[in-house]
Structure formats: structure tokens, C-alpha cells
Amino acid sequence: MNVQLFNVSPAMPKELEFLDRLSRNIWWCWHPLAVELFVRIDPNLWREQESTPRSFLAKVSPERLKELSQDAAYLRQLRIVQTEFERSIPEKDDPKDRKTAYFSMEFGLHESVRLYSGGLGILSGDHLKAASDMKLPLVAVGLLYRQGYFRQALDHSGWQTERYPENELNTMPMSRAKDASGNDIFISIPLQDRELWAGVWVMWVGNVPLVLLDTEVSQNPADLRETTWRLYGGDKTMRLRQELLLGIGGFKALLALGYEPEVCHMNEGHAAFLSLARIEHLIERGYAPDVALEIVWRTNVFTTHTPVPAGNEVFPIDMLRPYLQPYANKLGMDVNRIIFWGVPIGDREHASEMSMTVLGLRMANYSNGVSKLHGEVARDMWKHLWPGRSVDEIPIRSITNGVHIPSWVSPRLRLIFDRYFSSKWLLNPDPALLEREMQSVPDEELWMAHDLCRQSLVRKVRFQIRKSARNITAPSIDEVRGKHILDPDILTIGFARRFATYKRGTLLLRNRDRLLALLRDSQRPVQFIFAGKAHPADNEGKGLIQQLITFAEKENVGHRLVFLEDYSINIARSLVQGVDVWLNTPKRPQEASGTSGMKAAVNGVLNCSILDGWWAEAYTPANGWAIPSRDDYLDQDEADNCESQALFNIIEREIIPSFYERIGGDIPTRWIQHMKASIVMALGTFSSVRMVDEYEKMFYSKAEKSYEELVCDKAARAVSLVNQKGRLVANFGKLYVAQPTANRNINELYAGDEFSVRTEVYLGDLTPEEISVEAYYGLVDNHNQIVHSYSTPMRNMKSLGDGRYAFECKVKCEIPGRFGLTARITPAGSDWINSVPGFMCWPR
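Below is a short write-up of the structure.

Each value, and the rule that gives it
Residues numbered from 1 in each chain as written. Predicted model: local features only at pLDDT ≥ 70, side-chain atom pairs only at ≥ 80, totals over all residues. Heavy atoms only, no water. Helix = DSSP H or I, 4+ residues; strand = E, 2+ residues; numbered from the N terminus. Buried < 20%, exposed > 50% of the residue type's maximum accessible area, 1.4 Å probe, protein only. Contact = heavy atoms within 4.5 Å. Lys, Arg positive; Asp, Glu negative; His and termini not counted. Charge placed at Lys NZ, Arg CZ, Asp CG, Glu CD. Phe/Tyr/Trp six-rings, centres within 6.5 Å; stacked < 30°, edge-to-face > 60°. Pairing = 2+ DSSP bridges. Axes fitted to C-alpha atoms, helices over the stretch in contact; angles between N-to-C directions. Salt bridge = Lys/Arg side-chain N within 4 Å of Asp/Glu carboxyl O. Polar contact = N/O pair within 3.5 Å; in protein donor to acceptor, adjacent residues only side chain to side chain. Disulfide = S-S within 2.5 Å. Core = buried A, V, L, I, M, F, W, Y, C linked by side-chain atoms within 4.5 Å. Patch = residues over 30% accessible without salt bridge, like charges linked within 9 Å, V, L, I, M, F, W, Y side chains within 5 Å. Areas by Shrake-Rupley, 256 points an atom, 1.4 Å probe, with all protein chains shown as cover. Right-handed = clockwise from strand over helix to strand, strands pointing away. Bend = angle between axes of the 7 residues up to and from the residue. Parallel < 35°, antiparallel > 145°, perpendicular 65-115°, else oblique. Left-handed = near helix turned anticlockwise from the far one by under 90°. Nonpolar A, V, L, I, M, F, W, Y, C, P; charged D, E, K, R; others polar.

Describing the overall build of the protein
Piece 1. From N to C terminus, the protein includes 27 helices and 28 strands.
Piece 2. Seen through its C-alpha atoms, the protein measures out along the principal axes to roughly 95 × 70 × 50 Å.
Piece 3. Put simply, the protein has 844 residues, and 58% of those count as buried.
Piece 4. For the protein, restricting intrachain contacts to residue pairs at least 6 apart in sequence, the fraction spanning at least 24 positions comes to 73%.
Piece 5. Between the averaged position of the 99 positive side-chain charges in the protein and that of its 106 negative side-chain charges there is a distance of 1 Å.

As C-alpha cells, then:
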């Protein structure tokens, strides 16, 4: 039956009309007074509706709304929120002002908006919230999943099962995108011999528009409508359709809405196909294909989050080729050229797969990992894309992730921070100032706030367990006794994250006797709360969950070791605010960042973690604990055993004594000092405002300036770069540089000495002004490979004829050690430093 759909909103008294407007922007969820406006209406109904304003308001009785419309105190609070909202959200938005577009496969904004699976989505959501707080002119693009990621349930054996309830679109804070005539906007992309259509929706995240694509439209046949049903669902073909839609369809949707982004940020490789749409758009504006390509790659940003090679998305070339052929035709390029953008240059002869990460790195002038350690790992992992360069010269930088403080700090702590900190504490405050201000916070006040957060967490866990069909971890306890699961007054350790094998969620089970001793200790008891989902296809991850549940059942410790079903933003918020210790046990260096620990630290929770991801740069003995690990284990089993023993040592010898130490009072003074150091560290260094500010200064503003320079004067600079690239490609393979010679015996040098270096080069048809010749030297490892490099430009001393030149420079010995010395030729200037594979000539 073909029916026309329409929505009916609740009749709202005039005095309360702002509530409807507020419910249509996710801004409310990180402003406590706005949240309170909804909660005050009916707390029980708010909880029943899972904190979803639009469905909540639809169920509030007219009598209650009329009562509130005459409540002076409520109306006063409503006006305060409305004033702040209108100050933050401009009345008019000009799409042309939004120069940067942010693409991500998932967005975690609030538990009521199920468009996320885990850390990547939460990070994307925090990115948008911070951009809104900073009034950064950003627009974001994602997919509108009808079923989202799965809801988790555990069967009677503790095995994870999945269900996929439909998202109720009419209760989500978004609206259909309209054209100038008021018609719904649709876009389409070619899929082999068919078209994939998508409706366009807009969800406002404060003052940042999030554009969402939805394939559940009448123009699509049944199989294509499924494209945006599930996040990370389906087979390779489904994933390919989703990623083509996100990148290419997403960019087309922006154009249809009037946006013309000059900078595009790909958050992981899922969106890497967007470069094809950008090139096509510029070709349609009259630019030659190679000129369009030059403009696009120089104004793209790419962030990699995956430190494990197997975790990076790849597609079989034979499967991919027919999907890319229509785009190759539009771009006027051979399809193999496009495919090879996603294949390392040395693998092309026998390549069978195209890597989305390689495509993203190749098509981005600005690339980064998400922590300092992950930047190092990423440079080593992808160094083969830039042959001839040392690892420290690989152009993948680091911007450590951050968390959106207002979304994750507990309301109780927020009141304390508002009272004792300067007004800027929410927006990337100065760590030194924070440290001084923290000294004014009374220990008793901080501890009481945290104590109440732990009590709230325990109540919530008990509620969640009663709400579940069955308490798996304590099957013998009926509902009445179930109220005594967990103790609100004892040391509580939390572990909540995706249950992938490398995260080692069962490391504690390596020594069950020591774990049981902790759980059964009546003098200094410890309790553990676990939560997290395994990917539906990851049976090993599901097995880890089952092991925890089976252990708790078998040993009758379900009141001290709890696994919470259906991990969500809502559960995560309670955990990071209420536990005392945040446990993280990944296999180093496989944790790219790990933002859950940052959220915990903001709330004074102490981290106990392997030195991986963000913790490798955040840890000090003052703010938490580092689990010792080594890189020379014989095998993974030995590593797990050793690190499990080290973890128990820390818990038994350091964490428990510190928590239960009560010298001269009822509060753990030493523990509270750790809490204060943790809060200062997290607020001062690991906020999403700091993170987005770094993206803006390091990448966005530079890429925007570059775009304007590239397209001005009929793209004269871009045309010049294309011509220069042609000369470099034609000549670099012919270049020659001789091994340099010194003017003295370099085996008899001392720190502070200086010597001259000379080399001869052959430049072919290139001129000396087009290239740079450098003396390249540095400390060497045991294999005589330069590992800490320096380079000194050499001067053109004279022409030797026939394209040959002599170059010379002086090298100063700054420090003692064993060094290596050579010379190289690169293009002059910095235009090609980030290009893949770049241009570099070494002595043969």
C-alpha cells in the first residue's frame, strides 16, 4: 500500500514552545540545565523513554504541560536555557561559510541516537560537539542507519546474541533536507549498471550540521534499500556500497545542500572514495582532471585509527573494478589508475586488493595517527608507501584524541569545578593554572562527590540487572537479593570496551586464585564491573565474555564481578563517573588511543593500564599506574601470564593499600591526591577542544589557505604543480647522486668538529633550481641503518657540463656516537614532501 507519511507533534503551551525546538537539536545533551528541563517534567517517564526528548514530550500528559506552563520556577530555568541556546546557535546559517567537511562512518552523540558502535563513533561525536563549542564552521557527513549497531543480550550460557530493533526516525532530532522549492532532496550514485539513491537528512549538533544519507527510499529496489540498515553489517559488497555512498554520495549531498567544502577530513578509510567525487566536481567546474586531482589531494585530511595491518579495510580488485568503472569514465581516467591509488607502488604488479587506508593516505596532504605512540606505529606501518625515506621522515603526524568534557564529566564534579576553577575550565584550560586551582578544592568535597557517583553507579547497575531478562552472573539470586549486587562503599574497578581479543578482557582470569582472593576479601574487598560488545562475527570475542560470566557463576562471586549487557553511551557515562579505577589491558602497541580512560580521568578515576595509546604519554606515578610490559616475550601466552601477574601485583600492593588507607580520618588522602592529578592531567591535556584546535591549526586552516591559492587565477598554481610533477616524473628516474666525500678523515672526529662534504649529481633535464641536494646523516643502528637522521642542504658550487653539477656543504658533529653519511636529491621546496610515493634519489 502506498501511503503518505506525516508527523503530529504534541500540542505545546505557548510558554513551553521552546522545549520542542530544544528537542530537535542534540545540543541539550551536554548542557545540564537543558537536561534538567526534561527530567523535571517526569523523571520516571524520562527514564522509560531512554532520555529521548521527542518521544518523551509526545507522552507527557497535557495536564502536566499546562501545570508547567504556570510554574514560575520552571519557566525561569527554561528562559535561562533558551538564552544560552540562542547565544550558541545562530538564527541563520550560510552553507558557503562552512569550508571544512568531516566524514565518518559512525557518530556517537547520545544513547538515544544509535548511529555508533564504539570508540570511533564516540570520538566523531565529541569532535562535532567541540567544533560547536568553538563555533568552528564545520559540516559533517555520515549514514542514517535504520537499525544502527546491534543491541546485545546474553543467553543462559553467557553467550552474546544480537538483535536489531529499528530506529524510530520520527523521535530522532533531525529533519528531511529540502531544496529551495521545499522538496525533499535525494542524491544518487552509480553502482555498476544501477543507481543507488539516498534521501538526505540533517541533524544539528549544536551549531554543526550533520548530514545523513538514507537508502530506505522508494527509488531503490529492495536489496539496495538495505545499504543503510546496519552499521558494519553485511558482506564485502554491502560494505563497499556503504563506503561509496559515504564518500561519493556524502559529497554530492553537501553540494545539493549548498555546501562547497574546500577541505575534507576523512575519519578513517571508510570515506576515502570522496576524492573521486571532489575530482568530478572540479572537472564539472572546468578544471582538467590532473589539475582537479592536484587540488583535491592537497586539501584533504586523513586520520588513521588502526595500528594493526589486518584491521584496515581492503576490497578485492576484481570485485571493485566494475564499481569504479563509471567513476573512471566521468573522470576521464583509466580505472586501473584509480585502483592503484589504493595499492602500494611496489605491489602493483601482483596486487589483488585495494586498501582504503592507502587510498586515504595517498589522497591526503595531511595525515595523522591518534596518539604520539600511534603516530610512531603508523609511520612504521606505512613507511613502504614512501620508499627511500627513514621512518622519522614519513609524513604521518600525531594529534592525540580528546574527549568532550561537558558530555562526560559528572554533574557533581561539574559543580565543584564551576566553584573553584576559572570560567575557561571547560574549554582547553591551562594545565599550570588548573594545577594551582585544584589545590583550593577541599579533599572532603571532592571525595564526597566521587563517593556519591559510585553509589549512583551501583544503583544503576542493579537497575540494569533487574531490567535484564535474567542476571547471568548471579543466577541463584532472586530479584530482592539482587538489590545487594555490588557494594557502594568498596573499591570498584571498571573494564568497559569492545571485546576484541587484543584488548584482553580476561587477563585477570589468568590467575583465578588471586582474583578470587580479591573478590572474597572481607577486610579490603574489591569488585569488578565489565561491559562491552564483541563484533557479531567475532566468536573469540564472544568467548571472552562467556568466560567472565561462567567464572562468576561457577565461583559464586556474581555479587562482586558483574557483566553489564548492552554497553552504550549511557552505561559508559555512569561507569567512567562512578568506578574508582579504570582498567585497560591491550596488547601493546595495538591500542591506537583509548579515549575511555580519558573520560574516566576527567572524573578523578585513576587509570591502571598498559603503556599504550594515550596512556603512554599521559602516565605519571602521580595520576595512575602503568602495567609493566616488554617487547621480548617468547610468545603471546608468556606475555599474558607475565602482564597478568604484574597487574595483580599493582592491585594488591599499590591500589588496594592506597584506597583503604585512612590516616587520621574517613577519607583516603593519598588517593585523593592521585585523583586531583588525574583530573588536572585530563582537563588540561586531553579535551576534544584541544584536539579540534590542533586539527584546525595544523590541518584545516592550512588546507583552506592552500585551496584558495590553488584555484585562484584560473588555478594557475595547480596547473604549475601539474607541470612540475610531469617534469619530476619524467626525470627523477634518470637522476644520479654520487656517494659524498669528506675533506678530512671522518674516522677521527670529535664532538664540535666540522668538515666539508662534496658530491656530484646528474640532473638530466632538470635545473639546479628545481631540486635540492642534501647531505644526509645520523646515528646508525646495529645494521648500519640511519635511525635518527639529520639533513643539511648542499650548495651548487659549479656546473661540470652535460647536466652534471658539484654540490658542497659543511657538517658539524653535534654529539658523539656512530654515524652514517650519504647524500640525496629531492625536489626543491616543500610542495612534494607529503606526496605518495614522493621523489627521492639516493646513491646507487
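Observations regarding the environment of P32
Piece 1. Within the secondary structure, P32 sits in helix α2 (residues 32–41).
Piece 2. The class of P32 is partly exposed, set by a relative accessible area of 37%.
Piece 3. Each C-alpha atom, one on P32 and one on S410, is 9.8 Å from the other, the two residues being 378 residues apart in sequence.

Describing the packing of aromatic side chains
Piece 1. Taken as a whole and assessed by the stated rule, the structure comprises 32 aromatic pairs.
Piece 2. Centroid distance F38 to W46: 5.3 Å. Interplanar angle 5°. Geometry classified as stacked.
Piece 3. F38 sits in the buried class, given a relative accessible area of 0%.
Piece 4. A connected cluster of aromatic rings, assembled from ring pairs, spans W447, W625, F659, Y660 and W671.

A closer look at unusual backbone geometry
Piece 1. Across the junction of R588 and P589, the peptide omega takes the value 5°, indicating a cis bond.
Piece 2. Topologically, P589 is positioned in the loop between β18 (581–584) and α23 (595–602).
Piece 3. In the segment running from V836 into P837, the intervening peptide bond is cis, with an omega of 0°.
Piece 4. For P837, the position within the fold is in the segment after β28 (819–827).
Piece 5. A positive phi angle is found at A715, which is not glycine, with a value near 60°.
Piece 6. Along the chain, A715 turns up in helix α27 (residues 688–732).

Focus: the sheet that holds strand β16 (residues 526–531)
Piece 1. In space, the 6 strands of this open sheet follow the order β17-β16-β15-β18-β19-β20, with parallel pairing throughout. Strands at the two margins of the open sheet, each flanked by one partner only, are β17 (561–564) and β20 (624–627). Strand-to-strand, the axes of this sheet are offset by a mean angle of 20°, without reference to chain direction.
Piece 2. Pairing geometry for β18 and strand β19 (residues 606–610), over 4 bridges, is parallel. Each bridged residue has a counterpart across the sheet, and for L583 the counterpart in β19 is C608.
Piece 3. On top of the sheet, helix α19 (residues 443–467) reaches β15 (491–496), β16 and β17; it is set at about 65° to β17, its chief contact.
Piece 4. In the packing of α23 onto the sheet, the strands contacted are β15, β18 and β19, and the crossing angle to β18 comes to about 170°.

Let's talk about the pattern of salt bridges
If the charged atoms of two oppositely charged side chains come close together, the side chains can form a pair.
Piece 1. Taken as a whole and judged by the stated rule, the model has 46 salt bridges.
Piece 2. We note a salt bridge from D318 to R321, for which the minimum N-O separation is 3.8 Å. With D318 and R321 both in helix α12 (residues 317–331) and 3 residues apart, this pair spans about one turn of that helix.
Piece 3. For D318, a relative accessible area of 67% gives the class exposed.
Piece 4. Assessed through its relative accessible area of 29%, R321 is described here as partly exposed.
Piece 5. Among the charged side chains, a salt-bridge network with shared partners connects E50, R151, K467, K533 and D566.

Description of the sheet that holds strand β25 (residues 786–793)
Piece 1. A sheet is described by the order of its strands in space; here 3 strands give the open sequence β25-β24-β28, paired in antiparallel fashion. The open sheet has two edge strands with one neighbour each: β25 and β28. Recorded for the sheet is a direction-independent mean angle of 30° between the axes of neighbouring strands.
Piece 2. Where strand β24 (residues 771–780) meets β25, 7 bridges bridge the pair, whose relative direction is antiparallel. Along β25, the bridge assignment pairs A775 with T792.

As for the side chain of D443
Piece 1. For D443, the location among the structural elements is in helix α19.
Piece 2. Its relative accessible area of 16% is what places D443 among the buried residues.
Piece 3. Looking at D443, its side chain comes within polar contact range of the side chain of K676, at 2.7 Å.
Piece 4. Once you skip the residues sitting within four places of it in the chain, D443 turns out to touch I667, T669, I672, Q673 and K676.

Observations concerning the state of the cysteines
Piece 1. Enumeration according to the criterion identifies 0 disulfides in this entry.
Piece 2. In this structure C608 is not part of a disulfide, and its nearest cysteine sulfur, from C642, lies 16 Å away.
Piece 3. By relative accessible area, which is 1% here, C608 ends up buried.
Piece 4. Unpaired in terms of disulfides, C712 finds its nearest cysteine sulfur in C264, a separation of 19 Å.
Piece 5. Residue C712 is classed as partly exposed on the basis of its relative accessible area, which comes to 41%.

Describing the nonpolar core
Piece 1. Judged by nonpolar contacts, the single largest core of 175 residues is most densely connected at L22, L244, F273, L324 and I825.
Piece 2. Element by element, the count of residues in this core is highest for α27, at 17 residues.
Piece 3. With residues near it in sequence (within four places) discarded, I825 still touches F732, L735, Y736, V737, V761, L763, I771, S772, V773, F839, M840 and C841.

Re a nonpolar patch on the surface
Piece 1. Together, Y790, I815 and F819 make up a nonpolar patch on the protein surface, roughly 260 Å² of accessible area in all.
Piece 2. Tracing the sequence through the fold places F819 in strand β28.
Piece 3. Given the relative accessible area of 34%, F819 is considered partly exposed.

Quick notes on the pairing of strand β3 (residues 151–154)
Piece 1. Judged from the 4 bridges that link them, β3 and strand β4 (residues 160–163) form a sheet pairing that is antiparallel. If you follow A153 over to β4, its bridge partner there is T161.
Piece 2. Hairpin geometry of β3 and β4 is characterised by an intervening segment of 5 residues between the two adjacent antiparallel strands and by a positive phi of about 85° at G158.

Structural notes on the pairing of strand β1 (residues 100–103)
Piece 1. Residues T100 and Y102 line one face of β1 and the alternating positions A101 and F103 line the opposite face, and both faces are buried.
Piece 2. Judged from the 4 bridges that link them, β1 and strand β2 (residues 138–143) form a sheet pairing that is parallel. Across the sheet, the residue bridging to T100 is L138, located in β2.
Piece 3. Handedness of the crossover joining β1 and β2 through helix α7 (residues 119–133): right-handed.

Observations concerning α12
Piece 1. At L324, α12 is bent by approximately 45°, the largest bend along its length, and proline P326 sits one to four residues beyond.
Piece 2. Listed as buried for α12 are I317, L320, Y323, L324, P326, Y327, A328 and L331.
Piece 3. Positive phi shows up at G332, right after α12, with a value of about 70°.

Here's the deal with the packing of helix α17 (residues 411–420) against α19
Piece 1. At their nearest, the axes of α17 and α19 sit 9 Å apart, and the two run at 160° to each other. In terms of axis orientation, α17 runs roughly antiparallel to α19. Considering how the two elements wind past one another, α17 and α19 form a crossing that is left-handed. Every residue of α19 that contacts α17 at R412, L413, I416, R419 and Y420 is listed here: E445, L446, A449, L452, C453 and S456.
Piece 2. Partitioned by chemical class, the residues of the contact of α17 with α19 number 7 nonpolar, 1 polar and 3 charged.

Nothing here speaks to function; it is all geometry.
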